[in-house]
Amino acid sequence: MLSVFTPTEIKGWQRDAWVEKLIARMSRGEISAMGDLYELIGTDVYAFALSKTASREDSEDITHDTFVQIWKNASRYTPMGKPLAWIFTIEINLIRKQINRTRKSVPFDEAIETEIDSEDFTENMISDDFLRHMLNCLSEEEREIISLHIVSGLKHREISKLLKKPLSTVLSKYSRAIKKLQNYAKEREESK
Amino acid sequence: MKKRTLKKMIFDSFKADTPDLRCSLMDSCEKEPQESAPQISMDFPIVNRCVNFRIVFNRATAVIAGIAILLFGIFIGNYMYRDTVTSADPTTETVVYFDVNPSVELRMDEKNEVVECLAGNDDAKVVLAGLKLEGVDMNTALTAIVGSMYVNGYLAEYSNSILISVETNDNEKTAVLLNDITAKINTVFEKSDMECSIIAQSVKVDENLKQRAEEKGISVGKMHFLDKMAKGFGGLSEDAINKLSELSIRDLNLIYLQKYDGEENSSEDLISGTVNVAISADEAKNAVIEEMGKASDDVECYRTFFLPSRNGESKVVYVVVIMFYDDPSVYKYEVDCQTGEVVSMHRDG
């Protein structure tokens, strides 16, 4: 598999180098590289989708479609040392299409009702308490920043560029999200 | 709850919830045709920014003689100075840590005169032998230390990186000092036609940093730099940090500079100068091609970067990751930065 460094050990620019290597293999038609790539960054892609949609089912579909798009367009990727930015851009486009599709298919009244009840709609989807609370208590912006920074290791400056938001917004939302989660974690500890 | 614990909890939660889509993805990929693309070169950018090769010394010998005279003068002058001046004990206002691999600690008072000069390791004792720097002004002390490191072979063509760490209670003073020290050292090197790479950083020393530095047998300045490297690379294991702590500042510099290749340097450090390497990244790649009995035209894509050697030696090597046309395997080679010798190989796929 991934020779000297295993996926769990490598981080940062080393991981970027391996992702690019795997994309290069995929561009040559090597399907086996897909498995390796999923092992390396599957959680990153899934976490971002989940942070945007808060729906396990939708996130699985988006994750699947993102990797298929990577496969289809592997030969179009120009190595620049930042493959995750390319991958997340693909994913953001797919999420937008998914959201538009959902909006068109769901009647307006039902959409409003879903929004009002959004606090509980993940109840039956996510089994992990902490993850469920995170998806419920954080705003979409806060969730996506948390997932990009903590799961994927992107710097705040990179997140600001990817999401097209001011750096100060990214920093303040991240800080607020962390505080909320720290408070929740503390309450959880105290209630045990 | 500590932030690190919280971050781990967040990461673990997402990871545990991630479905395994590998099988369905493989099935889908088999059915989906790939988009054909214009033939774009798959050469990876060579990661060797700020690297200079084979500096030739023209006037070094003359400068060495000049510095040796200066050192002698300081030794004698300071001896006479200490006989005639009486003063109360000055308070340490600033501490400057020099790391090349000798580690020297300079403690200075509010007038930037040396109060105490300490050797952080055995190599530093060699550097400071015969030097009496107490009571000397900062610029003179700097020149003496740099000169002594040069004369004793610790600063040389392929060992030309210095880490300067400044600790004060005044942030403004720190910034000014970092600039002044860097400028002074650059001036010393300019006269010798020798290139030098300087990393200048501010440091706040607490008990935790001191203890960790002591455990690893390095200066607090170097420990602080390693912490920043670990943070910059998204976190490193304790084993990785231990391995890095054994490297010289030149080797750490080569690894660290890769982070900023092609992007804005967002670090608060002052990084200046060029790091010398005997073998270029291109030469390392060519050594690998030759080792494999291939030609340059056979190379589909490659990438080079610096990493600590995995052969138990405390030095960096080039890691060349390379793929060839008509060969699905990915090859990974280690190449010695000084000799260009191919050290080891691993094949993936």
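This section reports on the structure supplied with the text. (Residues numbered from 1 in each chain as written. Chains lettered and ligands numbered in written order. Predicted model: local features only at pLDDT ≥ 70, side-chain atom pairs only at ≥ 80, totals over all residues. Heavy atoms only, no water.)

Brief notes about the overall build of chain B
- Regarding its fold elements, chain B presents eleven helices and twelve strands.
- With 349 residues in all, chain B has 48% of them scored as buried.
- Counting only contacts in chain B whose residues sit at least 6 apart along the sequence, the fraction spanning at least 24 positions is 59%. (Helix = DSSP H or I, 4+ residues; strand = E, 2+ residues; numbered from the N terminus. Buried < 20%, exposed > 50% of the residue type's maximum accessible area, 1.4 Å probe, protein only. Contact = heavy atoms within 4.5 Å.)

Looking at the overall build of chain A
- Each helix and strand in chain A was counted, giving nine helices and zero strands.
- Seen in sequence order, chain A has helices and strands lined up from the N terminus as α-α-α-α-α-α-α-α-α.
- Buried residues in chain A amount to 53% of all 192 residues.
- At a minimum sequence separation of 6, the contacts of chain A that also span at least 24 residues come to 64%.
- Total accessible area on chain A stands at roughly 9000 Å², and carbon and sulfur atoms take up 49% of it. (Areas by Shrake-Rupley, 256 points an atom, 1.4 Å probe, with all protein chains shown as cover.)

Topic: the nonpolar core
- Counting residues in hydrophobic clusters, the biggest one holds 59 residues, and the most contacted among them are Ile41(A), Phe67(A), Met134(A), Ile146(A) and Ile10(B).
- For this core, the element with the highest residue contribution is helix H2 (residues 32–53) of chain A, accounting for twelve residues.
- Residues within four places of Ile146(A) in sequence aside, it is in contact with Met134(A), Leu138(A), Val151(A), Tyr174(A), Ala177(A), Ile178(A), Leu181(A) and Ile10(B).
- By size, the runner-up hydrophobic cluster in this structure holds 46 residues, among which are Ile241(B), Tyr256(B), Val277(B) and Ala281(B). (Core = buried A, V, L, I, M, F, W, Y, C linked by side-chain atoms within 4.5 Å.)

Focus: the interface of chain B and chain A
- Tallying the contact residues gives 57 residues for chain B and 66 residues for chain A.
- Taken over both partners, the interface formed by chain B and chain A buries close to 5700 Å², and the fraction arising from carbon and sulfur atoms is 65%.
- When the buried area of chain B at its contact with chain A is split by residue, Phe14(B), Asp17(B) and Gln34(B) rank highest and sum to 13% of it.
- At the boundary of chain B and chain A, one finds five salt bridges.
- Ionic pairing is found between Asp17(B) and Arg56(A), a salt bridge with its closest N-O pair at 3.2 Å.
- Contributing elements (two or more residues each) for the side of chain B that touches chain A: helix H1 (3–17), helix H2 (22–31), strand S9 (299–308), strand S10 (316–324), strand S11 (327–336) and strand S12 (342–348) of chain B.
- A per-element tally of the side of chain B that touches chain A places H1(B) first, with ten residues.
- Here the residues of the side of chain B that touches chain A are counted per class, giving 28 nonpolar, eleven polar and 18 charged. (Buried area = accessible area lost by both parts, 1.4 Å probe. Salt bridge = Lys/Arg side-chain N within 4 Å of Asp/Glu carboxyl O. Nonpolar A, V, L, I, M, F, W, Y, C, P; charged D, E, K, R; others polar.)

Quick word on the environment of Leu163(B)
All names here are of chain B.
- Its place among the elements puts Leu163 in strand S5 (residues 161–167).
- For the pair formed by Leu163 and Val100, sequence separation is 63 residues and the distance between their alpha carbons is 6.4 Å.
- When neighbours within four sequence positions are excluded, Leu163 is seen to be in contact with Tyr97, Phe98, Asp99, Ile199, Gln201, Gly221, Lys222, Phe225 and Ile249.

A look at the packing of helix H6 (residues 129–137) of chain A against helix H9 (residues 167–191) of chain A
Residue and element names in this part refer to chain A.
- Where H6 contacts H9, the two axes come as close as 11 Å, and the packing angle between them is 140°. The angle between H6 and H9 places the two elements in the oblique class. Crossing hand, H6 versus H9: right-handed. Judged by residue contacts, Asp129, Phe130, His133, Met134 and Cys137 of H6 engage Lys180, Leu181, Tyr184 and Arg188 from H9. (Axes fitted to C-alpha atoms, helices over the stretch in contact; angles between N-to-C directions. Parallel < 35°, antiparallel > 145°, perpendicular 65-115°, else oblique. Left-handed = near helix turned anticlockwise from the far one by under 90°.)

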